[in-house]
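Chain and residue survey
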Amino acid sequence: MTRHTISATPTQPIEGQKPGTSGLRKKAKVFANAPYLENFIQATFDALGGVEGKTLVLGGDGRWFGVEAAQIILKMAAANGAERVIVGQGAWLSTPAASHLIRLRGADGGLILSASHNPGGPEEDFGVKYNMANGGPAPESVTDAIFARTKDITQYFVLDCADADLQTCGEVQMGGMTVEVVDPVHAYADLMETLFDFNVLKGAFKSGFKMRMDSMCAITGPYAREIFENRLGAASGTVVHGDPLPDFGGMHPDPNPTWAHELMAEMMGADAPDFGAASDGDGDRNMVLGAGCYVSPSDSLAVLAANAHLAKGYAQGLKGVARSMPTSAAVDRVAQAKGLTCYETPTGWKFFGNLLDAGHVTLCGEESFGTGSDHVREKDGLWAVLMWLNILVSTGKSVSQLLEDHWKTYGRNYYSRHDFEALPIDQANSLMGDLRAKLAELKGQQIGDLVVADADDFAYLDPVDGSKSQSQGLRILFEGGSRIVLRLSGTGTEGATLRLYLERYVGPEGDLSLDPQLALKPMIDAAEMLAEITKRTGRVAPDVIT
Ligand code: G1P
Ligand code: ZN
């Protein structure tokens, strides 16, 4: 076997998009067009100070080009002197399972092949993300170093050898490196058994509890079948769209009411099961539903925080909680009632990592269908579904009852996010820039029916490492506790995506059963007056409402 040194033309694989909190995402064909992936992987290895003697974890969500990419990465890791790569069988690993495996095996890091909830297939997206030894996404210092290296890289190394057999569990040698193929599901399912009482959950399914889990033809299928159907005894067929497919069967594996519409229809229909859930491409996101009842992710986080002690792994209570800034303040009210500190971080899971590592928080979440705890360093879709299941079984309440009782205790934070996708980048930047310039003079102004109490561009000081993050979203807070937030997405692959977050608080004595879009109408109108979204973009309605 020869170690080939191939000269690489310095490339800038990022073109306006640095590998960020979610790694590098591009059209799959861009990655498949050698030496694009090769350059990026060598730049990653170089930025890490090389991988000689290191152990890495590798796997992805089953999307198109995943297996080919895994073979290339293995040959490059071998040529760069890595000692061992632990690969999920079939090059499969969900993001939370990869995070767990890195931690469990004490690996130096891991490469996750996924573009998360973006569609897959030859015409769709692919992505590569590097996670650190703590199991969490690489911090900005590392992704910046990778980006810098992509600009001056001159060569990459690849071993000239046959592909490894990734279908058979066990160890094979690739040059001096060991390729260890492991079952992608078992270690993760075992971890879930330490956090939840599987015997109690089993009993519920035995007594007729019905559930639907929509894995959207993405990676959680095999995990969900093992956990719900095999270990917990849920009826076979509980998991639908359970086979990961290279193009996700044409589905857009983003668990929200728009893209998980089949599940929505079933849960809103006459024969709805007790509990419904869906997860995204790489398994870190989740949506939960009850019969006739949708749970907004911000409410989900609050309900989990209020009831976490009912699950075996959280019986001691929580150390603290954290939410991203645009996530509603529903969890803040739970934290206040329980005497817990609630941290408000910028969007992106990496900001939770330091808080989790330092033991400041146990539970964290984002409005974008991401919830998790200190069991791994990624958000975790199936974990959240199990948490909900545990709470439903322990309380004996339905999802809608649980939500209603929660609002009667803490009040309700009506909440919605409006996304305007694929906007011309200049248009989106000038909309944000003009609003940013106005912020300082907004205080006290009447906007429609609302009066501005405060406005700023969110900045965050990390309490653990003292790092500062500026310009994380424009916040306009109105008198009475409602607010709007605007920010541009950092994960889109086409043009700019503007996200408008709307929130209104109604106390326990107020009207708790309004339609959220109606309840939020004054905020929607104020957003148009302030940011002129329709006037500037010509868009009369958002592309996605969650
Ligand atoms: C989106 C979500 C954010 C999440 C990220 C990665 O980022 O809004 O909460 O952490 O995906 O899953 P955005 O596109 O808004 O930058
Ligand atoms: Zn994801």
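Since this is a predicted model, take the numbers as computed values, not measurements. (Residues numbered from 1 in each chain as written. Chains lettered and ligands numbered in written order. Predicted model: local features only at pLDDT ≥ 70, side-chain atom pairs only at ≥ 80, totals over all residues. Heavy atoms only, no water.)

Concerning the site of ligand 1
Among the 14 residues in the neighbourhood of ligand 1, the closest are listed as Ser368, Ser489, Gly490, Thr491 and Arg499. One of the side-chain N or O atoms of Arg285 is found 3.1 Å from an oxygen atom in ligand 1. Gly490 places a polar main-chain atom, nitrogen or oxygen, 2.6 Å from an oxygen atom of ligand 1. For the shell around ligand 1, the class distribution of residues is no nonpolar, seven polar and seven charged. (Near = heavy atom within 4 Å. Polar contact = N/O pair within 3.5 Å; in protein donor to acceptor, adjacent residues only side chain to side chain. Nonpolar A, V, L, I, M, F, W, Y, C, P; charged D, E, K, R; others polar.)

Quick word on the coordination of the zinc ion (ligand 2)
With distances of 2.0 to 2.1 Å, the protein atoms coordinating the zinc ion (ligand 2) are Ser116 (OG), Asp280 (OD), Asp282 (OD) and Asp284 (OD). Its four donor atoms give the zinc ion (ligand 2) angles of 86 to 159 degrees at the centre, a pattern that matches the irregular case. Expressed as a motif, the donor residue spacing for the zinc ion (ligand 2) is S-x163-D-x1-D-x1-D. With Ser116 in the loop between β5 (109-113) and β6 (125-131) and Asp280 in the loop between β12 (275-279) and β13 (286-290), the pair connects residues that are 164 residues apart, well separated along the chain. For Ser116, a relative accessible area of 4% corresponds to the buried category. Relative accessible area serves as the criterion here: at 0%, Asp280 is assigned to the buried category. (Donors = N, O, S within 2.8 Å, 3.2 Å for Na, K, Ca; no water. Tetrahedral: all angles 85-135°; square planar, octahedral: opposite > 155°, others 65-115°. Helix = DSSP H or I, 4+ residues; strand = E, 2+ residues; numbered from the N terminus. Buried < 20%, exposed > 50% of the residue type's maximum accessible area, 1.4 Å probe, protein only.)

As for unusual backbone geometry
Between Ala34 and the following residue, Pro35, the backbone shows a cis peptide bond with an omega angle of 5 degrees. Locating Pro35 in the fold gives a position in the loop between α1 (28-32) and α2 (36-47). Within the chain, Cys217 stands out as a residue other than glycine whose phi angle is a positive 55 degrees. Relative to the helices and strands, Cys217 resides in the loop between β10 (211-214) and α8 (220-231).

Function-wise, these values are silent; they only describe arrangement.
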